[in-house]
Structure formats: C-alpha cells, structure tokens
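Spelled out from the first residue to the last, the chains are:
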Amino acid sequence: MLDAIRNGGAEEYEKILSSDLDRQALFARFSAYGEFCEGYDCLLDTEGRYAANMVVELAPGRSIRFIRLNSALLCHGNENDEVPELLVGARQFTIPRENGEEVVALIHHPLNWFKDKAQVLQYLRSRARLLVSGHEHNPKVVVEQFEEGADFMMLAAGATVPSKSEAIYVFTYNIIEFDWDPDRDALKVTIHPRVWNPQKTQFENDPVRLGGVEPWYLLECPNFRSGVIKKMDNATANQAAAEDVAREPVIEMVAQAEPIQEDLQVTPQNPGYRLELLRFFRDLTEGERLRILISLDAISPDSDDRMTQALERRLFDWLIRQGKIDNVRRLIDECIFSKKQGGEV
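Note that the structure is a prediction, hence the values are computed from the model and not measured.

Thresholds, definitions, all that
- Residues numbered from 1 in each chain as written.
- Predicted model: local features only at pLDDT ≥ 70, side-chain atom pairs only at ≥ 80, totals over all residues.
- Heavy atoms only, no water.
- Helix = DSSP H or I, 4+ residues; strand = E, 2+ residues; numbered from the N terminus.
- Buried < 20%, exposed > 50% of the residue type's maximum accessible area, 1.4 Å probe, protein only.
- Contact = heavy atoms within 4.5 Å.
- Areas by Shrake-Rupley, 256 points an atom, 1.4 Å probe, with all protein chains shown as cover.
- Core = buried A, V, L, I, M, F, W, Y, C linked by side-chain atoms within 4.5 Å.
- Salt bridge = Lys/Arg side-chain N within 4 Å of Asp/Glu carboxyl O.
- Expected span 1.5 Å × (residues − 1).
- Axes fitted to C-alpha atoms, helices over the stretch in contact; angles between N-to-C directions.
- Parallel < 35°, antiparallel > 145°, perpendicular 65-115°, else oblique.
- Pairing = 2+ DSSP bridges.
- Phe/Tyr/Trp six-rings, centres within 6.5 Å; stacked < 30°, edge-to-face > 60°.
- Lys NZ or Arg CZ within 6 Å of the ring centre and 35° of its normal.

### Structural notes on the overall build of the protein
Thought 1: If you tally the helices and strands in the protein, you get 11 helices and 11 strands.
Thought 2: Out of the 345 residues belonging to the protein, those deemed buried represent 44%.
Thought 3: Sequence separation of 24 or more characterises 62% of the internal contacts of the protein that already satisfy a separation of 6 or more.
Thought 4: Only carbon and sulfur atoms are counted for the fraction: they give 52% of the accessible area of the protein, which is about 18900 Å².

### Some words on the nonpolar core
Thought 1: Tyr13 and Leu124 are the most contacted members of the largest nonpolar core, which has 32 residues in total.
Thought 2: Broken down by secondary-structure element, the contributors of at least two residues to this core are α1 (2-7), α2 (10-17), α3 (20-28), β3 (101-107) and α5 (117-127).
Thought 3: Formed by 22 residues, the second largest nonpolar core is a distinct cluster that contains Leu293, Leu315, Leu331 and Ile332.

### Things to note about the pattern of salt bridges
A pair can form between side chains of opposite charge whenever their charged atoms are brought close.
Thought 1: Inspection of every chain in the model, using the stated rule, returns 27 salt bridges.
Thought 2: Between Glu47 and Arg23 there is a salt bridge, with the nearest N and O atoms lying 3.4 Å from each other. Residue Glu47 is located in the loop between α4 (31-39) and β1 (51-59), and its partner Arg23 is located in helix α3; the two are separated by 24 residues in the primary sequence. Across the pair, exposure class does not vary: Glu47 and Arg23 are buried alike.
Thought 3: As a salt-bridge pair, Glu144 and Arg125 come within 2.7 Å of each other at their nearest N and O atoms. Taken as a pair, Glu144 in strand β5 (residues 140-147) and Arg125 in helix α5 lie far apart in primary sequence, 19 residues in all.
Thought 4: Arg125 gets classed as partly exposed once you look at its relative accessible area, which sits at 22%.
Thought 5: Taken together, the salt bridges that share partners define one network made up of Glu38, Asp41, Arg274, Arg313 and Asp317.

### Concerning helix α10 (residues 309-321)
Thought 1: Here α10 spans 18 Å end to end across 13 residues, near enough to the 18 Å set by a 1.5 Å rise per residue.
Thought 2: Of all the residues in α10, the buried ones are Leu311, Glu312, Arg313, Leu315, Phe316, Asp317, Leu319 and Ile320.
Thought 3: Elements that come into contact with the buried residues of α10 comprise α4, α8 (273-282), α9 (286-295) and α11 (325-340).

### Observations concerning the packing of α2 against α3
Thought 1: For the pair α2 and α3, the least separation of the axes is 6 Å and the interaxial angle reads 100 degrees. Here α2 lies roughly perpendicular to α3, going by the angle between them. Note on element contacts: α3 touches α2 through Asp22, Arg23 and Leu26, opposite Tyr13, Ile16 and Leu17.

### So, the pairing of strand β8 (residues 186-197)
Thought 1: Within β8, 9 of the 12 residues are buried, which leaves it mostly tucked inside the rest of the structure.
Thought 2: Across 10 bridges, the pairing between strand β7 (residues 172-181) and β8 is antiparallel. From the neighbouring strand, Glu177 faces β8, where its bridge partner is Thr190.
Thought 3: Linking β7 to β8, which pair antiparallel, is a turn of 4 residues; within it Asp185 sits at a positive phi near 50 degrees.
Thought 4: One ladder, built from 4 bridges, connects β8 with strand β10 (residues 216-219); its direction is antiparallel. The partner of Leu187 across the bridge, within β10, is Leu219.
Thought 5: Of the pairings in the sheet, the one linking β8 to strand β9 (residues 202-205) comprises 4 bridges and is antiparallel in character. Counted as the bridge partner of Asn197 is Gln202 from β9.

### Things to note about the environment of Gly323
Thought 1: As for its placement among the helices and strands, Gly323 is situated in the loop between α10 and α11.
Thought 2: Sequence separation of Gly323 and Asn270 is 53 residues, and the distance between their C-alpha atoms is 9.1 Å.

### Here's the deal with the packing of aromatic side chains
What describes a pair of aromatic rings is the distance from one ring centre to the other and the angle between the planes of the rings.
Thought 1: All chains considered together, the criterion is met by 11 aromatic pairs.
Thought 2: Where Trp196 meets Phe203, the ring centres are 5.1 Å apart and the plane angle is 70 degrees; that geometry is what we call edge-to-face.
Thought 3: With relative accessibility at 24%, the residue Phe203 sits in the partly exposed group.
Thought 4: Summarising the aromatic geometry, the rings of Tyr273 and Phe316 are spaced 5.9 Å apart at their centres and angled 55 degrees between planes, so their arrangement reads as tilted. Pair noted here: Tyr273 is in helix α8 and Phe316 is in helix α10, with a separation of 43 residues, a long-range link. Each member of the pair, Tyr273 as well as Phe316, is classed as buried.
Thought 5: The structure contains a cluster of three or more aromatic residues connected by ring pairs, namely Tyr273, Phe280, Phe281 and Phe316.
Thought 6: Taking NZ or CZ as reference, Lys188 lies 5.0 Å from the ring centre of Trp216, over its face.

Next up, the structure:
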C-alpha cells in the first residue's frame, strides 16, 4: 500500500483511506503511538484527518485553536525531500473558519517533503495564522502576507535530540508565547529561542538563529476582526485590566471529531482525571486496561465487541463520570505495584 501511494499520489492515498480495512492496516503501525497520545489527551485521528481538541482563549472573544496534521502516515524510514514521497492528503484540508478564532497548525515534516506541498501551502495560508514544523531541526522563521489584512508565519523548530547525521549537532528549542494585541486586533507571537551551551553545560538564550533573544511578531488576523469581542461591565473590565499581566489563558479541551458523534463527550473535568488518564494508557498494557474496565463493570466479561483505543477512552471517561476515579486509581496502583514485584494482578 505504501508503494502504491508513493508511486501514485493523492488519488491513490484517498482510495486506501476510504477503505476501512486498508485504513486499519495503515494505522496499525501507529498502535503504540496512539496509546502514548491517548495518555496525554492528544488523540490520534485514525480516519486520516487532522486532529484538534485544544482551544485557548487569549481574551474574551479572541482565541486560538491548535490543529495537528499527520505527516508521518506514509513514512518508511528512507524518504527524503529531494524526491518527495509523502502526502498530507485532501481529507486534512477541512479546517473550519471560526469568527474570533485563529488556527495554529502543527506538523512534523516541513512542506518541502510533500508531493502535494503546493496544495498544502495554499490551503494553510488561507486557513492558519501559524505553522510549526520539525524534522529538519534547523530553526528559522518566515512571515509573509497572504493577502491584505492576513499574515502567515512558518516556524521551523529545533530539537533537543540529535539527528542521525554525524555532523556536529546544535541542541535548540523554543518557547512560543501567544497574546492578543487589542490595538491592532492581531495575534502577537513572541519566540523565546534557547540553545545548548556545551561550555556551561546549560541551555541559554539564543540570539542568533531566529533573529534575536526574544523576537516577536504581530500577525494580522481576519478571523479576529470577523468576531465579536465579548463586552464586560465596568467593574469586571477594570479588574481584568488590573490583573492583565498575571492573567492565565482559558484553556478548553473540546470534543474532537469522530465518526460516531453521539458517543463523543467533552473530557470530564474531575480533579486528578488527567493524571489517571495518563497512567491508564502509559503505564498499563492492553490486557491490564481491559481487566480494570471489566472489574468496574464498564464492560461485560463475555462481551465480543472489538476493543479499540477510542472505545477504551469512552469507557474510561464513563467510569470517571460515574464517580469511580478512586477505584480506577486504586486498580492502576495495584497493576503497577504488581509489575514492580514481578507478578501479575
């Protein structure tokens, strides 16, 4: 299937993604990664679409949504950018435009690695305000005007792990800060570049690779201007202004698109939920997770339903909503303790 897609193009890719069996075979290579993602509440979409479940409110009526694009589905380990073989695929070109909301897109490979790079660039420039990519690990930033009143930033990220090359590697990373500029009704992006100093054996500010110690940019945002700024009464506005420096952004984990919408619910906001979710998928095997679900009556012992990560997640969330988080925590502890002792639950 990989050869057929790489030798063909977007049409062959879509044919395989449209087949349930072929698509499952393709995503089977990502089963371990899917469990890893699930634990961090960063779901892997197994339909070949983009994934998105985090919205951050920068100010009332002004927010950014993080979109995750999968560029690794066709990887085989020997691909290169001189003769691109990878594809993003048309079914990831479905990012909605929302009034008052701008998109920050994340993708592993830079655009020059894709056969459909022209289509990807054209689409993202019209739908996203910022694209962050990795893989090449050569930090650089480019800002261009897509059209009047609409900017597009491409940020190539560094990395704190070396490449396979034997060349001297410079360890770098960035902290990216987002804010709303009320005067321009724009997205302010401040980059804090960091680089490893081998003499001091520590990371420090990097004044070279991205144009300064703290380069910042104001991105013109058409979706901001099309949204209504939520009004506050005078007392609330004065308090917000006084606390603006220390104000925490409102981060919302929202429901991610799935084929069966009626089964999908927003993440439970229970204290301790995220830690137990992480431990459930990160620290337990598939068999251990199944035994916990059965012991807490989330699933019948004689059920013959095909167990998937999506179903495990829905059942886990159901247990939390039933007030059984303490039971879940206890059983996870028992499984981990048993493994440490070299036995079984």
